[in-house]
Amino acid sequence: MEIITHSREETVAAGREFAKTLPGGALIAFTGGLGAGKTAFCQGLAEGLGCTDPVSSPTFAIVNYYRGPRPLAHFDLYRIHTENDLAAAGFYDYLDMGAVVACEWSENCADLLEQEQPIHIHIDRVDETTRKITIG
């Protein structure tokens, strides 16, 4: 599936709509460069899952957890490369508890994530406001 958005608000809305399709314990593996819109899409995911905590990039925290009826664990895997690193960050614990888990920079742990059968989402920055979101 491919979605074209023309603003940050549309990217958030795409994430909100996509959240409706996700079962608990779903793993989303994001790829895309800096400023592509991964965090904006995750903001929509959190809203669509009913999370009430404000969404921000997990760059420095490694993981942000958003509470709600369907919780979201939002990971930044930029500095994570091993299974021990994933486990120490609570990755497997969040999956086991049924949270939706979204991982930015998933290419850093691609082989490990594949074992969990992720949904792949790639976001291309077409221009200043346009994004091409490829799901599948």
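For the structure, check the block above.
Calculation notes
Residues numbered from 1 in each chain as written. Predicted model: local features only at pLDDT ≥ 70, side-chain atom pairs only at ≥ 80, totals over all residues. Heavy atoms only, no water. Pairing = 2+ DSSP bridges. Helix = DSSP H or I, 4+ residues; strand = E, 2+ residues; numbered from the N terminus. Axes fitted to C-alpha atoms, helices over the stretch in contact; angles between N-to-C directions. Contact = heavy atoms within 4.5 Å. Patch = residues over 30% accessible without salt bridge, like charges linked within 9 Å, V, L, I, M, F, W, Y side chains within 5 Å. Areas by Shrake-Rupley, 256 points an atom, 1.4 Å probe, with all protein chains shown as cover. Salt bridge = Lys/Arg side-chain N within 4 Å of Asp/Glu carboxyl O. Lys, Arg positive; Asp, Glu negative; His and termini not counted. Charge placed at Lys NZ, Arg CZ, Asp CG, Glu CD. Buried < 20%, exposed > 50% of the residue type's maximum accessible area, 1.4 Å probe, protein only.

Engineer: For the sheet that holds strand 2 (residues 27-31), give the residues involved together with the corresponding values.
Structural biologist: What the 7 strands build is an open sheet, ordered 1-7-6-2-5-4-3; its pairing is mixed. Each end of this open sheet is capped by a strand with a single partner; those strands are strand 1 (2-5) and strand 3 (63-66). Averaged over all neighbouring strand pairs, the angle between strand axes comes to 20°, with direction disregarded. Against the sheet, helix 1 (residues 8-19) engages strand 1, strand 2, strand 6 (119-125) and strand 7 (131-135), with an angle of about 145° to strand 1.

Engineer: I'd like a rundown of the pairing of strand 3, residues and numbers included.
Structural biologist: Relative to strand 4 (residues 72-76), strand 3 runs antiparallel, the two sharing 4 bridges. Residue pairing across strands places N64 opposite H74, the latter belonging to strand 4. Hairpin connection from strand 3 to strand 4: 5 residues lie between these consecutive antiparallel strands.

Engineer: Got a sec to walk through a negative patch on the surface? Specific residues and values, please.
Structural biologist: Together, E83, D93, D96 and E116 make up a negatively charged patch on the protein surface. Its relative accessible area of 32% is what places E116 among the partly exposed residues.

Engineer: Residues and numbers for the pairing of strand 6, please.
Structural biologist: Every other side chain in a regular strand lies on the same face of the sheet, so the side chains alternate between the two faces. Both strand 2 and strand 6 contribute to a ladder of 4 bridges, which runs parallel. Looking across to strand 6, one finds that F30 is bridged to I121. The pairing of strand 6 with strand 7 spans 5 bridges and is antiparallel. For D124, the partnering residue across the bridge sits in strand 7 and is K132. Linking strand 6 back to strand 7 in an antiparallel pair, the connection comprises 5 residues.

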